[in-house]
Amino acid sequence: MKKLAAGILIILLIFAVAGYFLYPVISDQLGRRRDSGIMQDYRAKTAQMSSEQREKLFGEAKAWNESLEEIRVEDVFMKDNQRTTRDYQNHMNVHDGVIAELVIPDIGVTLPVFHQSTETPANLKLVHVNTSSLPADGSRENIVLAGPGLLKAEGFLSEIGLTDDRMLEGLDKLIPGNLVILNVLDRTMVYRVKGVQMLASAGLGDLDLTPEEGDEKLTLITQRKDQRLLVQTERIPIWEARTLLAETDRVSFPADWQNVLFLGFPVLLAGLLVLWVIEIIKGRAYRLPGEGRKADQEQREKNARETIEQIGTEISEGEEP
């Protein structure tokens, strides 16, 4: 009985340890699948809109931006700093509060961007900060997006250190020159990273993010314990983004070619060796009945008898007068 109880305890312990390590991965994948479904619905709603309807939304967003005298952001990760107006909620609201999609290829981020509200705070979702510019595809903009780096699990799972979505976890890996993409309605806006900086949470409100005339900027904010990580970007034309991607591919080609050479050559040799062994096996398999070791042994015995007979003949001939 004791052995059975010990065995059950060991099995439960193994499952607990496996669950602890697998839970973040599984939960993150489920979150990505959920976000993908949200964006599919967003694109479907956008596709049903006429060009006049889309232009109207961009026009309203532009009017919103022109009404902003300055852009300053309080600590949007505080729970008591999430109330917004109904007028703000109605701008660019195509599907369930989603206004855009953020894509950062270099760190594998693809997330829907929600209106900031009590239901979608910055410490739970990637949100557009309501005191900043809306994505109007125009000049004099600084669109500020904020979201958690890691989304903690709820309840007991959070207390033992488990996490759900890895939302903006890799934001600190960005370097100047990396691309950030914002898909809004039927338009794609591409930005290039200018700089990454870390600030104290209290210093976030002192930062002036007001754009100059002609500026088209995008600012990303996330948490790093008690600090705030900011990534500032500037918009570039799509043709320039394509040129940068092409140059990156050309620069990385020699390294890729060397990897193919050093990794592919041993694989080629191994393949040839396998083919050679297969041919040997096939050659043995093609022998007729009676061939093989038995036939070789019989041939050796026959050769030995012939040799003995030949020696005996020579000796007999040598003894004749």
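Up top is the structure these notes are about.
Residues numbered from 1 in each chain as written. Predicted model: local features only at pLDDT ≥ 70, side-chain atom pairs only at ≥ 80, totals over all residues. Heavy atoms only, no water.

S.K.: Would you take a moment to explain the overall build of the chain for this structure?
M.R.: From N to C terminus, the chain includes six helices and eight strands. A burial count over the chain gives 35% of its 321 residues as buried. Here the contacts in the chain between residues at least 6 apart in sequence split such that 69% fall between residues at least 24 apart. Element-wise, carbon and sulfur atoms account for 58% of the exposed surface of the chain, whose accessible area totals about 20,500 Å². (Helix = DSSP H or I, 4+ residues; strand = E, 2+ residues; numbered from the N terminus. Buried < 20%, exposed > 50% of the residue type's maximum accessible area, 1.4 Å probe, protein only. Contact = heavy atoms within 4.5 Å. Areas by Shrake-Rupley, 256 points an atom, 1.4 Å probe, with all protein chains shown as cover.)

S.K.: For this particular structure, what's the right way to read the pairing of strand 8 (residues 227-236)?
M.R.: Looking along a regular strand, one sees side chains alternate from face to face of the sheet. Pairing geometry for strand 6 (residues 187-200) and strand 8, over 10 bridges, is antiparallel. Bridge pairing links V196 to V231 in strand 8. Inspection of the sheet shows strand 7 (residues 216-224) paired to strand 8 by eight bridges, in the antiparallel sense. The partner of K217 across the bridge, within strand 8, is E234. Here strand 7 folds back onto strand 8, and the loop between the two strands holds two residues, one of which, K225, carries a positive phi near 60°. (Pairing = 2+ DSSP bridges.)

S.K.: Could you clarify how one ought to interpret the pattern of salt bridges in this entry?
M.R.: For side chains bearing opposite charge, pairing can occur when the charged atoms are close. Counted according to the given criterion, the structure contains 12 salt bridges. Note that D75 is salt-bridged to R228, the shortest N-O span being 3.0 Å. Taken together, the residues D75 in the loop between helix 2 (51-67) and helix 3 (86-90) and R228 in strand 8 connect sequence positions 153 residues apart. The residues D75 and R228 share a single accessibility class, namely buried. A salt bridge links E240 to R192, with the shortest nitrogen-to-oxygen separation between them at 2.9 Å. Taken together, the residues E240 in helix 5 (residues 238-285) and R192 in strand 6 connect sequence positions 48 residues apart. The exposure class assigned to E240 is partly exposed, which follows from its relative accessible area of 21%. Accessibility expressed as a relative area gives 22% for R192, which makes it partly exposed. (Salt bridge = Lys/Arg side-chain N within 4 Å of Asp/Glu carboxyl O.)

S.K.: Could you clarify how one ought to interpret the environment of R43 in this entry?
M.R.: Position of R43 among the secondary structure elements: in helix 1 (residues 2-48). Through-space distance from the C-alpha of R43 to that of V184 is 9.5 Å; in sequence the pair is 141 residues apart.

S.K.: Would you explain unusual backbone geometry in this entry?
M.R.: Apart from glycine, the bulk of residues carry a negative phi angle, and the bulk of peptide bonds sit in the trans form. Although it is not a glycine, D96 adopts a positive phi angle of roughly 50°. Inspection of the secondary structure puts D96 in the loop between helix 3 and strand 1 (98-104). You can call D96 exposed: its relative accessible area is 63%. In this structure, L185 takes a positive phi of about 55° despite not being glycine. One can find L185 in the loop between strand 5 (179-184) and strand 6. Look at L185 and you get buried, because its relative accessible area is 10%.

S.K.: Could you clarify how one ought to interpret helix 2 in this entry?
M.R.: Note on helix geometry: an α-helix contains 3.6 residues per turn, so any two residues three or four positions apart are oriented the same way. For helix 2, built from 17 residues, the straight-helix expectation of 24 Å at 1.5 Å per residue is met to within 8% by its first-to-last C-alpha distance of 25 Å. Looking at helix 2, one finds that the buried residues are R54, L57, F58, A61, W64 and N65. Taken end-on, helix 2 shows its buried residues confined to a sector of 115°, consistent with a single buried face. Pointing more than 90 degrees away from the buried face of helix 2 are the exposed residues E52, K56 and E66. (Expected span 1.5 Å × (residues − 1). Arc of directions from axis to C-beta.)

S.K.: Would you mind showing me how to read the nonpolar core here?
M.R.: For soluble globular proteins, the rule of thumb is that nonpolar side chains tend to be buried together. Core analysis: the biggest nonpolar cluster contains 55 residues, and L102, L145, L182, V184, L185 and L220 have the highest contact counts within it. Looking at this core element by element, the count peaks at five residues for strand 1. Setting aside residues no more than four positions away along its own chain, L102 makes contact with V109, T110, L111, V113, L126, L145, L168, V180, I181, L182, L218 and L220. (Core = buried A, V, L, I, M, F, W, Y, C linked by side-chain atoms within 4.5 Å.)

S.K.: How should I be thinking about the side chain of Q116 in this particular structure?
M.R.: With respect to the secondary-structure elements, Q116 resides in the loop between strand 2 (109-115) and strand 3 (127-128). For Q116, a relative accessible area of 2% gives the class buried.

S.K.: What exactly am I supposed to notice about the environment of K62 here?
M.R.: Locating K62 in the fold gives a position in helix 2. C-alpha of K62 to C-alpha of L134: the two residues are 72 residues apart in sequence and 7.4 Å apart in space.

S.K.: Would you take a moment to explain the sheet that holds strand 4 (residues 141-146) for this structure?
M.R.: The strands making up a sheet are joined through hydrogen bonds of the backbone, oriented either antiparallel or parallel. The eight strands are arranged 1-2-3-4-7-8-6-5 in a closed barrel whose pairing can be described as mixed. One ladder, built from six bridges, connects strand 1 with strand 2; its direction is antiparallel. When the bridges of strand 2 are listed, V98 appears paired with F114.

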